[in-house]
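Each chain, written out:
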Amino acid sequence: MKLKSIVTAFLAIAVSLSVMAQQEPLVFENQAQQDRFDKLTKELRCLVCQNQNLADSDAQLAHDLRREVHELLLSGRNDDEIKQFLVDRYGDFVLYRPPVQTNTYLLWIAPLILLLIGAWILRASIGKRSEMLANQDQTDTTD
Amino acid sequence: MNSRILPLVAFFALVALLVVGLKISDKKTNIPSPLINKPVPEFDLPVLAQPGQRMTQESLLGKPYLVNFWGSWCPTCRAEHPVVNQLAKLNALYIVGMNFRDEEPNAVAWLNRWGDPYNVSLVDHDGRVSIDFGVYAAPETFLVDPSGTIVFKHLGQLTWDVVEKEILPRVESMESES
């Protein structure tokens with residue numbers, strides 16, 4: 001009885017996977033195109049399920065946008081043109097990698113600033129410690 | 001002394017950062033549309049339940065109009081529908097219903113059941129025009145001025161508050177300008 005239900009579950013999964021595969025028969029002319037498509041859809045955000053990219057999402061919008069990216073790709077647009085097409089409609093938010101522009105400067109330089117602060121703290125504490133050790137040595141010798 | 005206060009300050013700074021982050025994440029669905037102040041996307045779509053009839057954005061030039069994206073599959077569209085019906089009663093502006101990613105019989109049945117506030121209903125069956133409008137959730141509503149420029153967009157359920165505070169005042173100012 002239990003075995004039967006497990007088998008049924010597996011069959012259900014197998015069928016649904018094949019249905020999912022059929023839903024999107026995106027055909028490419030060559031492997032290079034396929035690779036570009038895979039890379040692009042991983043860098044683009046699905047706006048309905050905001051923490052997923054276009055490649056992973058199964059939302060209707062992601063499906064439609066994949067179709068759109070696929071068509072643009074086949075029509076010979078380059079990667080930047082395809083991204084611009086989506087940015088024109090959905091805004092920068094569609095890009096996982098934000099462009100460097102006035103409102104994102106802080107975002108891009110913050111890691112560098114944090115690194116510098118870290119280096120400064122490290123230097124200060126090392127300086128303090130070596131000073132302490134030097135003082136200790138002095139007291140040791142005078143004793 | 002300094003070394004004791006510093007971690008505390010850092011801690012509160014971190015707390016402040018997280019609180020701000022949480023506040024912003026509530027507004028994540030409120031992404032500004034890049035289409036505001038841009039011309040309305042071009043379209044040429046069949047009119048719902050009127051075989052052979054089509055409509056383009058050009059034929060709508062010269063008057064303010066509202067574009068309301070909806071589908072019979074969308075529960076939030078059903079929830080906002082009384083507001084659209086109420087707005088239609090005011091006869092304040094032309095309302096275009098964009099039925100997208102839907103099947104025609106379902107759309108017609110839905111309008112018969114819940115009321116048809118649209119001056120015209122267009123069919124965007126495969127959702128291509130909805131992509132040109134940058135629609136990613138339903139319903140979405142766009143206000144277009146007589147020159148064919150998008151001046152306002154509302155994402156999600158339309159409320160009477162939005163109609164009164166955002167849509168009607170803009171329509172009035174358009175009319176006083178012309």
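Residues numbered from 1 in each chain as written. Chains lettered and ligands numbered in written order. Predicted model: local features only at pLDDT ≥ 70, side-chain atom pairs only at ≥ 80, totals over all residues.

A. Looking closely at the overall build of chain B. For chain B, the helix and strand inventory stands at five helices and seven strands. Rg of the C-alpha trace for chain B: 21 Å, well past the compact-globule value of 16 Å for 178 residues, more than 25% over. Considered along the principal axes of its C-alpha atoms, chain B spans approximately 80 × 40 × 30 Å. In chain B, buried positions account for 34% of the 178 residues. (Helix = DSSP H or I, 4+ residues; strand = E, 2+ residues; numbered from the N terminus. Rg over C-alpha atoms; globule rule 2.2 N^0.38 Å. Buried ≥ 20, exposed ≤ 12 C-beta atoms within 10 Å, placed from the backbone.)

B. Main features of the interface of chain A and chain B. Tallying the contact residues gives 14 residues for chain A and 12 residues for chain B. Elements supplying a minimum of two residues to the side of chain A that touches chain B: helix 3 (60–74) and helix 4 (79–90) of chain A. Per-element tally for the side of chain A that touches chain B: the top contributor is helix 3 of chain A, with five residues. Partitioning the side of chain A that touches chain B into residue classes produces seven nonpolar, three polar and four charged. (Contact = placed C-beta atoms within 7 Å. Nonpolar A, V, L, I, M, F, W, Y, C, P; charged D, E, K, R; others polar.)

C. A look at the sheet that holds strand 4 (residues 94–100) of chain B. Residues and elements named next belong to chain B. An order of 5-4-3-6-7 is seen for the five strands of this open sheet, with the pairing classed as mixed. Bordering the open sheet on either side are strand 5 (120–124) and strand 7 (150–155), each of which pairs with just one other strand. If you compare each strand with its neighbour and ignore which way they point, the axes differ by 20° on average. Across the sheet, helix 5 (residues 160–177) touches strand 3 (65–70), strand 6 (140–144) and strand 7, and the angle it forms with strand 7 is around 165°. (Pairing = 2+ DSSP bridges. Axes fitted to C-alpha atoms, helices over the stretch in contact; angles between N-to-C directions.)

D. Broad picture of the domain arrangement of chain B. Partitioning chain B into domains gives domain 1 (1–29) and domain 2 (31–177). Placing a centre on the C-alpha atoms of domain 1 of chain B and another on those of domain 2 of chain B gives a separation of 42 Å. (Domains from an automatic or database assignment.)

E. Seen up close, helix 2 (residues 75–90) of chain B. Residues and elements named next belong to chain B. Taken as a whole, helix 2 carries its principal kink of about 40° at His81; the proline Pro82 stands between one and four residues after it. Within the span of helix 2, buried status applies to Cys77, Glu80, His81, Val84 and Leu87. Where helix 2 is buried, its residues touch strand 3, strand 4, helix 3 (104–114) and helix 5. Asn91, located one to two residues past helix 2, shows a positive phi value of around 55°. (Bend = angle between axes of the 7 residues up to and from the residue.)

F. Examining the pairing of strand 3 of chain B more closely. All names here are of chain B. Summarising burial for strand 3: six of the six residues are buried, a large majority. Covered by surrounding structure in strand 3 are Tyr65, Val67 and Phe69 together with Leu66, Asn68 and Trp70, the residues of both alternating faces. When strand 3 meets strand 4, the two strands line up parallel, connected through six bridges. Bridging across to strand 4, Trp70 finds its partner in Asn99. Handedness of the crossover joining strand 3 and strand 4 through helix 2: right-handed. (Right-handed = clockwise from strand over helix to strand, strands pointing away.)

G. Region of interest: the packing of helix 2 (residues 31–43) of chain A against helix 3 of chain A. All names here are of chain A. Running from amino to carboxyl end, helix 2 crosses helix 3 at an angle of 140°, the nearest separation of the two axes being 11 Å. Comparing the axis directions of helix 2 and helix 3 gives the class oblique. Between helix 2 and helix 3 lies a crossing of right-handed hand. Facing helix 2, whose interface residues are Gln33, Arg36, Phe37, Leu40 and Thr41, helix 3 presents Arg66, Val69, His70 and Leu73. (Parallel < 35°, antiparallel > 145°, perpendicular 65-115°, else oblique. Left-handed = near helix turned anticlockwise from the far one by under 90°.)

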